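Reading the structure
Given next are the chains, with one letter for each unit.
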Amino acid sequence: MTFKTLAAAALSTTMIAGLALPASADVSTRTIRVSNGIAADHPVANGVDAMRACFDERTGGAWTFNAFWSSALGDDLQATQMLRSGTLEMVITSTSPLVGINPALGVFDLPFLFADAAEADAVLDGEFGDYVSSMMPDSGLVNLAYWENGFRDLTNSLRPVESLADFSGMRVRVMQNDIFLDTFQTLGANAIPMAFGEVFTALETGTIDAQENPYVTIDTSHFDEVQKYLTNTHHAYTPFMVLFSKPIWDTYSPEEHDILVDCAVIGRDAQRAASRALSADSLARIEGNGVAINDISAENMQEIRDAVQGVYERHADEIGQEVVDRMQAALAELRD
Ligand code: TK8
């Protein structure tokens, strides 16, 4: 038996006995703060809880993991900038508000990119996801894993959206992102970029008519209280990235890096499972709150898809042609 296997055997005996593990020499006492734009009852909390349990187990309780919700530490972009300057450890954010930091992330904003969650998982957890993650350290960020926000649907206070024409003039909040802006402008809406934390009040006061987010986010952010219609558009799947500050990462040991990545992946599996399990409940709650839900006919959906097709070409240069090509190759391979 090598020393390594001996150590591993000793480790698993300790774990079986349920004793707290002493932190190894390479694990220091740490406090990690994670910023979230969404509320504390969003399925991201299930992932955060799983991640915390994993930290406890792997560090013998040497790490404290504190989550901040509803943009309490700043909106997604502000929190991400804090990571880059080394004043905050972690953020869980949609990729979309970060395109100014890394334009390649815009690839996830292309309309109707993923056909279903299985496709999103395969691309994000596969080579393409690694490729995008490998670009992040140059921007002062380390991506630990991709979690789920979900397929995005439109809500509004004006009318059921049944066709392309129904988008006309609707004041739709979009994320601070050119591709979303172009997509909704192309659909005929009056697209208004806005940070997530401002959306509820803007809907409530009527500054905007509409917004788009997955069911669980609509539900946990209570947008259903200030919206009348939800249309199943499923027009985009914008993943969450679990980002860590590169300047702070550089002060952690290799063993601590492994703990961060491994626990973010364990968190990912718990988070995606919760997101998918709670999605139907969220939709039922939204409907229960009096929001009218509708689907768009296949024919009208095709008209909408055709209308936004040009978005791909218009933004390929800014995203990076190679990034777009690699994404399309990954999808083609899955669809084979
Ligand atoms: C959560 C955001 C949000 C996103 C948005 O902080 O801004 O609409 O979908 O859920 O990342």
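Residues numbered from 1 in each chain as written. Predicted model: local features only at pLDDT ≥ 70, side-chain atom pairs only at ≥ 80, totals over all residues. Heavy atoms only, no water.

So, the overall build of the chain
Rules: A helix here means a DSSP run of H or I that spans at least four residues, while a strand means a run of E at least two residues long, and both kinds are numbered starting from the N terminus. For the radius of gyration, the atoms used are the C-alpha atoms, and the globule rule reads 2.2 Å times the number of residues raised to 0.38. Think of it in three bands: residues with accessible area under 20% of the maximum for their type are buried, residues over 50% are exposed, and the middle band is partly exposed, with areas taken using a 1.4 Å probe on protein chains only. The criterion used for residue contact is that any of the two residues' heavy atoms lie within 4.5 Å. Shrake-Rupley sampling with a 1.4 Å probe provides the accessible areas, and residues are treated as covered by the protein chains on show and by no other component. Charged-residue counts in this description rest on Lys and Arg as positive and Asp and Glu as negative, His and the chain ends being excluded. Here the site of a charge means NZ on Lys, CZ on Arg, CG on Asp, or CD on Glu.
Scanning the chain for helices and strands turns up 13 helices and 11 strands. Over its C-alpha atoms the chain spans a radius of gyration of 21 Å, differing by no more than 12% from the 20 Å that the globule rule assigns to 336 residues. Oriented by its inertia axes, the alpha-carbon framework of the chain measures out at about 70 × 45 × 40 Å. Taking all 336 residues of the chain together, 54% fall into the buried category. Within the chain, contacts between residues separated by at least 24 positions form 76% of all contacts whose residues are at least 6 apart in sequence. If you sum the accessible surface of the chain, you get close to 14000 Å²; carbon and sulfur atoms cover 52% of it. Mean positive and mean negative side-chain charge positions of the chain (20 and 48 charges, respectively) differ by 3 Å.

As for the site of the ligand
Put simply, the rule reads: Nearness is defined per residue: one heavy atom within 4 Å of the molecule or strand is enough. N or O atoms within 3.5 Å of each other form a polar contact, as long as, within protein, one can give a hydrogen and the other can take it, and as long as residues adjacent in sequence are counted only when both atoms are side-chain atoms. For this classification, the nonpolar set comprises Ala, Val, Leu, Ile, Met, Phe, Trp, Tyr, Cys and Pro, the charged set comprises Asp, Glu, Lys and Arg, and every other residue, Gly included, is treated as polar.
Around the ligand lies a shell formed by Gly-37, Ile-38, Asp-76, Ser-94, Asn-149, Arg-152, Arg-173, Met-175, Phe-196, Asn-213, Thr-217 and Phe-240. One of the side-chain nitrogen or oxygen atoms of Asp-76 is found 2.8 Å away from an oxygen atom of the ligand. Within the side chain of Asn-213, a nitrogen or oxygen atom sits 2.7 Å from an oxygen atom of the ligand. Computed on the free molecule, the ligand has an accessible area of 310 Å², of which 99% lies beneath the protein chains in the complex. Within the shell around the ligand, the residues separate by chemical class into 4 nonpolar, 5 polar and 3 charged.

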